[in-house]
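Each chain, written out:
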There are 2 protein chains.
Amino acid sequence: MVITVCVPSEQDVEALEVPAELLVWDGTGPPPDGIEQVEFLLAPYMGATFATESLTAMPALKVVQLLSAGVEPWLAKVPPGVTLCNGRGVHGSSTAELAVAGLLSLVRGLPRYARQQAEGQWQERRGGDLDGARVLLLGAGDINQRVAGALRALGADCVFVARTARDGVHGVDELPGLLPSARAVVLALPHTPETHQLVDAGFLAALPDGAVLVNVARGTIVDTAALLAELRAGRLSAFLDVTDPEPLPADHPLWGLPNVVITPHVGGGTTGWRERGMRLVAEQIRRYVSGQPLVNVITGDY
Amino acid sequence: MVITVCVPSEQDVEALEVPAELLVWDGTGPPPDGIEQVEFLLAPYMGATFATESLTAMPALKVVQLLSAGVEPWLAKVPPGVTLCNGRGVHGSSTAELAVAGLLSLVRGLPRYARQQAEGQWQERRGGDLDGARVLLLGAGDINQRVAGALRALGADCVFVARTARDGVHGVDELPGLLPSARAVVLALPHTPETHQLVDAGFLAALPDGAVLVNVARGTIVDTAALLAELRAGRLSAFLDVTDPEPLPADHPLWGLPNVVITPHVGGGTTGWRERGMRLVAEQIRRYVSGQPLVNVITGDY
């Protein structure tokens, strides 16, 4: 028996070679013929999402597969009996790569050397490195595990912090004791009510002079006004792939600071990401069709 | 018996706590009193070096300790019976860190995003990442071992190449078969007659479109004119911490290319480097005084 899968674009149809009937619908406009047969839904990545009403057009739905690691808007939306799976692992390597790129760029003064390059100026400016330095990793998932692997190879002393303490991971309640010795902090944790503006004025004030903040998670984990004050004072520097607000308006004061590097939320969004995402989706469909357990299950019992 | 050690600056005297008499001389100007007692010489790092005549002022000399990994100018200079030691390991982590910083910056388009940042422009430009990509590491020493550790944590497929093939390391003669699949090449190998302009027009032409060249070794390993031609064509990009000529003159065409990132030979020269260097020197002096074998011995039998 061939199952019916709903994907958001023609591009996905081309990328997926799976034993299934593929329908294209992104949840907007009238649903296509056969929508009532759909058992497996690949949700659109970022931007357009399915409204709850659009999901009711799929009474046979059993699985919703996301390509993002974050699941917030979907948790309340998936109907009872439907399994929700996320894109864990798909974005981990590229997001970790960007975090390492941004952190090392600031530690080694690449923005400053770029300004010298523009003037044809060969002049060393002595700075530090991460060998022997402590780096706090907030969030102990796939992304920061990879960041730790990369930084440890360069001699950094990586310390994990997550919601609850466990073997090899400190709890957030231990932050006051950890922040004063941190050369850098990398944020790769979900945005939740508990992590909303976790990085506030007190958090930042506890960091030593010259520390680097890296945010590849969500802009709202940081109190932007408090960060701006520290950056303007020149006491800290920051690599921000995510901001609050986002997108950052053209006249926002963060853009112009020499000690900030900003990228437009591109951590997970590489071309390599799409290939990894399609491999995950194909594997999940094969598992579903052959009755094997799915991976990356967030809610539901498939 | 207290031995006499010659160091190049007062700063070194302050940094070294060792069971020895310390004399300060950088090999220029008249030698200080007691120079004929010197058994252990810490050579100046970069710039000023000891002339062969200056070394003859030290008839009791047994050990020359360098802080650099490269030993070229010293090999012909150390008198018979004197042991030459290099600074292997002192610069490895910081040089590897800079190589990773430069490579990932180019892979993730940070220079391009910096130009957008200057205009307050939030606009994604989709690019690739190194997860699953092949990276050729030329040189299988401390620096590239660390680069491999960092990049493997991010999913890259790292392949070592060195003068002679051995377990886990390809020989340079295998380069023609390896270059066409390389997303990036990292140069961290000594400059020798064999590696002089190893990266020539043919080497570069064998790389696929979009490949990244990283040089943290010596500028003379690359044929600058051939690299310039590929960069001007926009086919490759490069991170260069070393150049030929060096320093790069202010009017050199390399400075102005958008697909090149240049730093002024700062791979090993961090503040952390100095601390690691002084730890090595102190340890070597302790070993010498107590009759233990020295580490990092290049020539000689101490």
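Above this text sits the structure in question.
Attention here is on the structure that accompanies the text. (Residues numbered from 1 in each chain as written. Chains lettered and ligands numbered in written order. Predicted model: local features only at pLDDT ≥ 70, side-chain atom pairs only at ≥ 80, totals over all residues. Heavy atoms only, no water.)

With respect to the pattern of salt bridges
Phase 1 of the analysis: On inspection of all chains with the given rule, the structure shows 22 salt bridges over all chains.
Phase 2 of the analysis: Among the salt bridges present, the one from Arg276(A) reaches Asp131(B), with a minimum N-O distance of 3.4 Å. Within this pair, whereas Arg276(A) is found in helix H10 (residues 271–289), its partner Asp131(B) is found in the loop between helix H5 (110–118) and strand S6 (134–138), the two belonging to separate chains.
Phase 3 of the analysis: Judged by its relative accessible area of 23%, Asp131(B) falls in the partly exposed class. (Salt bridge = Lys/Arg side-chain N within 4 Å of Asp/Glu carboxyl O. Helix = DSSP H or I, 4+ residues; strand = E, 2+ residues; numbered from the N terminus. Buried < 20%, exposed > 50% of the residue type's maximum accessible area, 1.4 Å probe, protein only.)

Overview of the relation of the copies chain B and chain A
For the pair of chain copies, the relating transformation is a rotation about an axis with a translation along it.
Phase 1 of the analysis: For the match of chain B to chain A, the screw axis carries a shift of 0.0 Å, the RMSD comes to 0.2 Å, and the turn is 180°. Such a turn and shift between the copies fits a two-fold axis. Of every C-alpha in chain B, the one belonging to Ala150(B) sits nearest the axis of rotation, 1.8 Å from it. (Least-squares fit on C-alpha atoms with pLDDT ≥ 70 in both.)

Notes on the interface of chain B and chain A
Phase 1 of the analysis: In this complex, chain B contributes 56 residues to the contact, which on the side of chain A involves 56 residues.
Phase 2 of the analysis: Around 4,600 Å² of area is buried between chain B and chain A when both sides are counted, 60% of it from carbon and sulfur atoms.
Phase 3 of the analysis: Contact with chain A buries surface across chain B, with Glu97(B), Gln117(B) and Trp122(B) losing the most and accounting together for 20% of the total.
Phase 4 of the analysis: Remark: the boundary between chain B and chain A carries six salt bridges.
Phase 5 of the analysis: Taking the shortest distance from any N to any O, the salt bridge between Arg276(A) and Asp129(B) comes out at 2.8 Å.
Phase 6 of the analysis: Applying the counting rule to chain B against chain A returns 29 residue pairs in polar contact (both at pLDDT 80 or more).
Phase 7 of the analysis: Every element with two or more residues in the side of chain B that touches chain A is listed here: helix H4 (92–107), H5, helix H6 (142–153), strand S12 (260–262) and helix H10 (271–289) of chain B. (Contact = heavy atoms within 4.5 Å. Buried area = accessible area lost by both parts, 1.4 Å probe. Polar contact = N/O pair within 3.5 Å; in protein donor to acceptor, adjacent residues only side chain to side chain.)

Some remarks on the packing of helix H4 (residues 92–107) of chain A against helix H6 (residues 142–153) of chain A
Residues and elements named next belong to chain A.
Phase 1 of the analysis: The N-to-C vectors of H4 and H6 enclose an angle of 45°; their axes lie 8 Å apart at closest approach. The angle between H4 and H6 falls in the class oblique. Remark: the crossing between H4 and H6 carries right-handed chirality. Every residue of H6 that contacts H4 at Gly92, Ser93, Thr95, Ala96, Ala99, Val100, Leu103 and Leu104 is listed here: Asp142, Ile143, Arg146, Val147, Ala150 and Leu151.
Phase 2 of the analysis: Taken together, the residues of the contact of H4 with H6 sort by class into nine nonpolar, three polar and two charged. (Axes fitted to C-alpha atoms, helices over the stretch in contact; angles between N-to-C directions. Parallel < 35°, antiparallel > 145°, perpendicular 65-115°, else oblique. Left-handed = near helix turned anticlockwise from the far one by under 90°. Nonpolar A, V, L, I, M, F, W, Y, C, P; charged D, E, K, R; others polar.)

Remarks on the environment of Leu103(A)
Residue and element names in this part refer to chain A.
Phase 1 of the analysis: The topology assignment puts Leu103 in helix H4.
Phase 2 of the analysis: On the basis of relative accessible area, Leu103 is assigned to the buried category, the value being 0%.
Phase 3 of the analysis: Sequence-wise, Leu103 and Gly155 are 52 residues apart; in three dimensions their C-alpha atoms are separated by 14 Å.
Phase 4 of the analysis: Ignoring any residue separated from it by four or fewer positions in sequence, one finds Leu103 in contact with Leu130, Leu151, Ala184, Val186, Val212 and Val214.

Some points on the sheet that holds strand S13 (residues 297–299) of chain A
Residue and element names in this part refer to chain A.
Phase 1 of the analysis: Spatial ordering of the open sheet is given by S2-S1-S3-S4-S5-S13, a layout of six strands whose pairing is mixed. Edge positions in the sheet fall to strand S2 (20–24) and S13, since each has one partner strand and no second. Recorded for the sheet is a direction-independent mean angle of 25° between the axes of neighbouring strands.
Phase 2 of the analysis: With three bridges connecting them, strand S4 (residues 63–65) and strand S5 (residues 83–85) associate as parallel partners. (Pairing = 2+ DSSP bridges.)

In short, geometric facts, not functional conclusions.
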